[in-house]
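Architecture at a glance
Chain by chain, the residues:
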Amino acid sequence: MKDPNAPHSLPSEIASRLDDVRQRDLKIRWLNGLVRGLALAFAIMTTAMLIDLLVGWLSPGARWMMTLGSLAAAVSGFALWLVVPLLRRPSTIDIAQSIDEKNPHLEERWSTVAELSNNQDPSAIRGSEAMIDAVKEEAQKLNSHINAAKIIPDAPVRLATKWLAGIAAVLLAFLAWDYPQAKVLLTRFWLPSSDASLTQIDVLTSAQKVPLQESLSLEAQITGRIHEEATFVTLREPSGEETIHLMEIKESEEAN
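Residues numbered from 1 in each chain as written. Predicted model: local features only at pLDDT ≥ 70, side-chain atom pairs only at ≥ 80, totals over all residues. Heavy atoms only, no water.

1. Notes on the packing of helix H1 (residues 12-55) against helix H3 (residues 92-102)
Quick reminder of the rule: What counts as an axis is a line fitted to C-alpha atoms, over the stretch in contact for a helix, and the angles between N-to-C directions run from 0 to 180 degrees. By the criteria applied, helices consist of DSSP H or I runs no shorter than four residues and strands consist of E runs no shorter than two, each listed in order from the N terminus. Roughly parallel covers angles under 35 degrees, roughly antiparallel covers those over 145, roughly perpendicular covers 65 to 115, and oblique covers all other angles. Only heavy atoms enter the contact rule, under which two residues are in contact if any of them lie within 4.5 Å.
Packing of H1 against H3 leaves a shortest axis separation of 10 Å and a crossing angle of 90 degrees. Taken together, the axes of H1 and H3 are roughly perpendicular relative to one another. Across from Leu18, Val21 and Arg22 in H1, the residues of H3 making contact are Thr92, Ile95, Ala96 and Ile99.

In structure tokens form, the structure reads like this:
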């Protein structure tokens with residue numbers, strides 16, 4: 001004999017549809033957090049590269065601070081938009097209330113049935129068993145009108161995708177504009193301690209023997225970031241003594 005004071009179980013059809021909506025909610029939360037996190041990560045990386053391009057960090061320590069700060073901000077974004085929403089999973093009653101809000105014609109039948117399934121009050125407080133059974137039956141009849149996609153729309157994911165596409169387009173345009181320089185900036189971002197430089201110097205003077213006290217002109221080609229200021233080169237003598245010489249920069253004919 002059924003105990004009149006026992007909580008009412010959810011009808012299988014209603015429980016199945018509530019689970020569909022819950023899974024849809026979990027999927028949208030996961031996708032929204034992932035896409036927004038990726039958009040933030042790309043935006044931070046692109047911003048850090050542009051700052052490096054303008055400032056030209058000479059100290060690896062400064063580059064480490066920029067990289068670690070950027071990664072910390074990206075991880076915080078993932079935690080805020082991906083981890084936290086997944087930990088705050090809605091209850092059965094929350095899902096049922098969402099269904100009732102999007103379907104006014106249900107007249108709160110689904111939330112009522114969900115609440116009764118968790119109600120520990122005696123039957124004298126819950127109400128008539130016949131009335132409760134009637135509400136459950138009416139809720140079951142309206143089961144076919146419940147569409148999980150309408151209850152949990154994918155608008156947040158579509159908006160996040162637009163942001164990700166826009167940021168990715170900016171990054172790709174930057175890579176296409178000057179790939180060699182962008183490659184160096186990427187290296188400096190992910191490997192802050194590397195000796196990757198925005199200015200490359202290729203020595204054009206071949207190795208040769210020069211008599212003592214004779215002069216030798218050293219010719220080098222500078223590519224990448226060209227500094228307008230005077231550039232110095234340090235020469236180390238066999239004895240270990242170092243001398244600093246001023247280099248004369250001439251614009252090549254190919255640049256004209």
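2. Structural notes on the packing of helix H2 (residues 60-87) against helix H9 (residues 179-190)
Worth spelling out the cut-off: Residue polarity follows a fixed list, in which Ala, Val, Leu, Ile, Met, Phe, Trp, Tyr, Cys and Pro are nonpolar, Asp, Glu, Lys and Arg are charged, and the others, Gly among them, are polar.
Interaxial distance between H2 and H9 falls to 8 Å at its minimum, and their mutual angle equals 80 degrees. Our classification of the angle between H2 and H9 gives roughly perpendicular. Touching Arg63, Thr67, Ser70 and Leu71 of H2 are Arg188, Phe189 and Trp190, all from H9. Here the contact of H2 with H9 is composed, by residue class, of three nonpolar, two polar and two charged.

3. Some thoughts on the packing of aromatic side chains
Using the following cut-off: Only Phe, Tyr and Trp rings are paired, with Trp represented by its six-membered ring, and only when their centres lie within 6.5 Å; those with planes under 30 degrees apart are stacked, over 60 edge-to-face, the remainder tilted. Throughout, exposure labels follow a simple rule: accessible area from a 1.4 Å probe, protein chains only, divided by the maximum for the residue type, with under 20% read as buried, over 50% as exposed, and the rest as partly exposed.
Under the criterion given, the structure shown has two aromatic pairs. Here the aromatic rings of Phe174 and Trp177 are separated by 6.2 Å at their centres, their planes lie at 35 degrees, and the arrangement is tilted. With Phe174 and Trp177 both in helix H8 (residues 155-177), this residue pair falls three residues apart, about one helical turn. For the ring pair Phe189 and Trp190, a centre distance of 5.0 Å and an interplane angle of 90 degrees mean the geometry is edge-to-face. Relative accessible area serves as the criterion here: at 49%, Trp190 is assigned to the partly exposed category.

4. Comments concerning the pattern of salt bridges
Should their charged atoms come close, side chains of opposite charge can pair. Counted only if it meets this: A carboxyl oxygen of Asp or Glu within 4 Å of a side-chain nitrogen of Lys or Arg is what we treat as a salt bridge.
In this structure the tally under the stated criterion is five salt bridges. A salt bridge links Arg17 to Asp20, with the nearest nitrogen and oxygen atoms 3.8 Å apart. Placement of the pair is Arg17 and Asp20 together in helix H1, with a separation of three residues, close to one helical turn. Relative accessible area serves as the criterion here: at 38%, Asp20 is assigned to the partly exposed category. Measuring nitrogen to oxygen at the nearest pair gives 3.1 Å for the salt bridge that ties Arg158 to Asp154. Using a relative accessible area of 47% as the deciding quantity, one classes Arg158 as partly exposed. A relative accessible area of 31% places Asp154 in the partly exposed class.

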